[in-house]
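# Structural features, examined
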Amino acid sequence: MDDYPILEMKNIQKAFPGVLANDNISLEIRRGEVHALLGENGAGKTTLMNILFGIYHPDHGEILINGKKTFIHSPQDAINEKIGMVQQHFALVPSFTVAENVILGLKNFGFIIKTKQVEQQIKELGERYSLPVRPKARVWTLSVGERQRIEILKLLYTGANILILDEPTAVLTPQETRQLFSAIRKLVKEGSSVIFISHKLDEVLEISDRISVLRNGKNTGTLNREEVDRRTLVQRMVGRDVLMDQEKPKVEPGPVKIEVKDLTVKNDKGLTAVNNLSLEIHGGEILGIAGVAGNGQKELAEAIYGLRPIETGKIQMAGEDLHHRSIKKRIQSGLSFIPQDRKSIATCPNLSVMFNIFMKNTIPGLKKSSAWNIQIKQMHEKTRELIRNFSISTPSSKTRVRYLSGGNLQKVVLARELSSNPSVIIAEHPTRGLDIGAMEFVYQALLEEKKKGSAILLLAGELYEIFRLSDRVAVIYEGEVMGYTPPDPSYTEKIGFMMAGTREDSIHEN
Ligand SMILES: Nc1ncnc2c1ncn2[C@@H]1O[C@H](COP(=O)(O)OP(=O)(O)OP(=O)(O)O)[C@@H](O)[C@H]1O
Ligand SMILES: [Mg+2]
């Protein structure tokens, strides 16, 4: 890493209606460094990077590249300056192949596009950075991890040497994160610079050379990795200590609230994803599902909610078969769903916070008989209350949710799904993209629902989260339950074996 900044953002100011997203931020990026941007949900990280990438224009401030004042009016300008960005919610065309998606991003490609050539080059780039992809595959058939690798290769293909990665690891499995980190290390060694946004402090401490912490739209300062630890970072971000690892409340399990029996479900490609799987969850119990992503977790959750047809088997809630029940009926009988894809399934981007919260008509406390204008008033009041309770940072209850930061969008989903007195909750990656304060809040909220007697199915990527919340852990592999363990880190190795396909009864403990 050289000390000389290749990129300077100076006194950047950006206001949106009702929020000052970037308040006089200055930031210096050096050649060959990994520079982490940290900050709570809504602190202004994505906004700042959108300005650097030419998506937004600052109200004030300037950008210098190699000491020269540069105007970035559009992403094309940014690409010309060798700046590339993988967005927080990425944007590939699902029906196109990998190579076609890469071509789509090239403005100066000749009239006759040499797909074969691009395919070959992508493959080579992938091999060089150990980011395996299949250039001929259609994007809809790929896992999120693979989609992200394509986004990164696309940047490298355009020649970017300042790479902005906005929460890249939020959607990755631990193995994919390792893979990404080794690619990042290689890139910075070659002289590229990486701006890395993440809420996972351990990752930030592992990969970064320097760390800038944003708070309420301001840069609190840039620190060298050696100068900081977890605690100092948390204090800088949140302004206080965040209490972690409180005791799990002990709850006497009630009757079985949801039972899955011999369930078989197919994935989008028509292959068996959930294979003859059975499980049951009692009221007042959290069952955590551990497994490598792509082993049927998503399909299981979708089948229970009614988004995906089942091939064989049964799902019962409070003893009643859900088979021919519409999603609406399932919701009415107390089923809540926090899906992993908060953008396309869980929310309507052009509707307000209020309508997103009331979308399912599950929030209690409205007087149904009132005139519509009184109802709307009540809905706004209730929404404002939830905005406060869930600390959603939004200018108002009328703001369209497309303008919320990633973490705050997730909080809107949680507010809706957790405040309807659910009897069964399916929580798929409930804390993805949340800052650590918000994460702790969600843990408390889920534990609170458990105390009230909900049965909760938790599908999470991180074992830490599963241990933290669950009463029992089921390990899933290729759509089958390999076995159960108590929620304790001492079982990590055993879980690892089961995640790789070994059945509980064939593991010999000594
Ligand atoms: N296009 C927009 N219109 C209106 N407000 C916006 C827009 N984009 C961002 N904001 C607001 O600016 C603030 C900063 O948002 P930003 O997305 O930069 O946060 P962030 O630090 O990336 O948070 P997260 O960790 O949740 O992704 C938020 O209050 C957000 O609601
Ligand atoms: Mg963001």
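A quick note: this is a predicted structure, and the numbers were derived from the prediction, not measured.

## Concerning the site of ligand 1
Neighbouring ligand 1 are 21 residues, the closest being Gly42, Thr46, Thr47, Ser405 and Gly407. Between ligand 1 and the protein, one listed contact pairs an oxygen atom with a backbone N or O atom of Gly407 at 2.8 Å. Secondary-structure elements contributing two or more residues to the shell around ligand 1 are strand E2 (19–30), helix H1 (45–52) and helix H14 (406–418). Ranked by residues supplied to the shell around ligand 1, first place goes to H1 with 3 residues. Of the residues in the shell around ligand 1, the class split is 7 nonpolar, 11 polar and 3 charged.

## Let's talk about the domain arrangement of the chain
When its domains are assigned, the chain resolves into domain 1 (5–238), domain 2 (251–334 + 422–510) and domain 3 (346–421). Computed over C-alpha atoms only, the centres of domain 1 and domain 2 are separated by 33 Å. Contact with domain 1, which involves 15 residues of that partner, is made by 11 residues of domain 2. Between domain 1 and domain 2 lies a buried interface of about 1,100 Å² when both sides are counted; carbon and sulfur atoms form 57% of it.

## Remarks on the sheet that holds strand E12 (residues 272–282)
Strand order across the open sheet formed by 4 strands is E12-E11-E14-E15, with antiparallel pairing between neighbours. A strand with exactly one partner marks an edge of an open sheet, and here the two such strands are E12 and strand E15 (320–321). Sheet analysis places strand E11 (residues 256–266) next to strand E14 (residues 312–317), joined by 5 bridges and oriented antiparallel. Across the sheet, residue Thr264 finds its bridge partner in E14, namely Thr312. Its contacts with the sheet put helix H9 (residues 297–305) on E11, E12 and E14, and the angle it makes with E11 is roughly 120 degrees.

## Some words on the sheet that holds strand E16 (residues 335–338)
The 6 strands are arranged E16-E17-E18-E13-E19-E20 in an open sheet whose pairing can be described as mixed. With partners counted over all chains shown, the strands left at the sheet margins are E16 and strand E20 (480–485), one partner each. Each neighbouring strand pair of the sheet contributes to a mean axis angle of 20 degrees, computed without reference to strand direction. Where strand E17 (residues 424–428) meets strand E18 (residues 455–459), 5 bridges bridge the pair, whose relative direction is parallel. Note that in E18 the partner of Val424 across the bridge is Ala455.

Parameters at a glance
- Residues numbered from 1 in each chain as written.
- Chains lettered and ligands numbered in written order.
- Predicted model: local features only at pLDDT ≥ 70, side-chain atom pairs only at ≥ 80, totals over all residues.
- Heavy atoms only, no water.
- Near = heavy atom within 4 Å.
- Polar contact = N/O pair within 3.5 Å; in protein donor to acceptor, adjacent residues only side chain to side chain.
- Helix = DSSP H or I, 4+ residues; strand = E, 2+ residues; numbered from the N terminus.
- Nonpolar A, V, L, I, M, F, W, Y, C, P; charged D, E, K, R; others polar.
- Domains from an automatic or database assignment.
- Contact = heavy atoms within 4.5 Å.
- Buried area = accessible area lost by both parts, 1.4 Å probe.
- Pairing = 2+ DSSP bridges.
- Axes fitted to C-alpha atoms, helices over the stretch in contact; angles between N-to-C directions.

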